Amino acid sequence: MTQSERLSREALFARDGYRCAYCGQVFPPEELTVDHVEPRVRGGDHSGGNVVSACGACNLRKGHRRLADFLAEEPEARRNFFRLARYIWPRHRRAVAEALGKRGIGVDD
Ligand SMILES: [Zn+2]
């Protein structure tokens, strides 16, 4: 399986060890959701390089905020995302890191 292939929900959750990218906890598959790093409405695709596993509570809390906005406001989610989301395309990670940097927030802060 490569990063660019469309991942099934099950394959995504297995890849991420059933761990939410934002709170870092492990959940049964029925409590996990597929979260797009670059939103689909902004052209993000469903490849493995653009999706992370997120628990329902974190996905709900993130809501319609852009990922950088959510991570700017939630330090724990920010640390977990940069620690856990190792499969995300480097350009997506970089874009999020740059958006945070513009607010004076480092990825390890
Ligand atoms: Zn979570």
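In this text the structure is predicted, and so the values were computed from the model without any measurement.

Another point: the overall build of the protein chain. Of the regular secondary structure elements, the protein chain holds five helices and two strands. Its helices and strands in sequence order give the protein chain the pattern α-β-β-α-α-α-α, from N to C terminus. Against the 2.2 N^0.38 benchmark of 13 Å for 109 residues, the protein chain shows a C-alpha radius of gyration of 13 Å, consistent with a compact globule. Its C-alpha atoms give the protein chain principal-axis dimensions of roughly 35 × 25 × 25 Å.

So, about the environment of Val107. Tracing the sequence through the fold places Val107 in the segment after helix H5 (90–101). Judged by C-beta crowding, with 15 C-beta atoms within 10 Å, Val107 ranks as partly exposed. Sequence-wise, Val107 and Ala77 are 30 residues apart; in three dimensions their C-alpha atoms are separated by 11 Å. Other than its neighbours up to four places away in sequence, Val107 contacts Arg78, Phe82, Ala97 and Leu100.

Here we take up the nonpolar core. Ala21, Tyr22, Ala54 and Leu71 are the most contacted members of the largest nonpolar core, which totals 22 residues. Only helix H1 (9–15), strand S2 (51–55), helix H3 (67–73), helix H4 (75–84) and H5 provide two or more residues apiece to this core. Setting aside its immediate chain neighbours within four residues, Ala21 contacts Asp16, Val52, Ser53, Ala54, Asn80, Phe81, Leu84 and Ala85.

It is worth spelling out unusual backbone geometry at this point. Its identity as a non-glycine residue notwithstanding, Tyr18 has a phi of 60°, on the positive side. We classify Tyr18 as partly exposed; it has 16 C-beta atoms within 10 Å.

On to the confidence of the model for the protein chain. Residues at a pLDDT of 70 or more form 95% of the protein chain, whose mean pLDDT is 92. For the protein chain, H5 is the element with the lowest average pLDDT, namely 94, and S2 is the one with the highest, namely 97.

This part is about the pairing of S2. As a general feature of sheets, a regular strand has side chains that alternate between the two faces. Counting buried residues along S2, five of its five residues qualify, which places the element largely inside the surrounding structure. Side chains Val51, Ser53 and Cys55 of S2 all project onto a buried face; the interleaved residues Val52 and Ala54 project onto the opposite face, where all are buried too. For strand S1 (residues 32–36) and S2, the ladder comprises five bridges, and the chain directions are antiparallel. Pairing of His36 across the sheet is with Val51, part of S2.

Turning next to H4. Turning to H4, its buried residues number three or more, namely Ala77, Arg78, Asn80 and Phe81. Buried residues belonging to H4 abut helix H2 (56–62) and H3.

Definitions and limits used
Residues numbered from 1 in each chain as written. Predicted model: local features only at pLDDT ≥ 70, side-chain atom pairs only at ≥ 80, totals over all residues. Helix = DSSP H or I, 4+ residues; strand = E, 2+ residues; numbered from the N terminus. Rg over C-alpha atoms; globule rule 2.2 N^0.38 Å. Buried ≥ 20, exposed ≤ 12 C-beta atoms within 10 Å, placed from the backbone. Contact = placed C-beta atoms within 7 Å. Core = buried A, V, L, I, M, F, W, Y, C linked by C-beta atoms within 7 Å. pLDDT = per-residue confidence, 0-100. Pairing = 2+ DSSP bridges.

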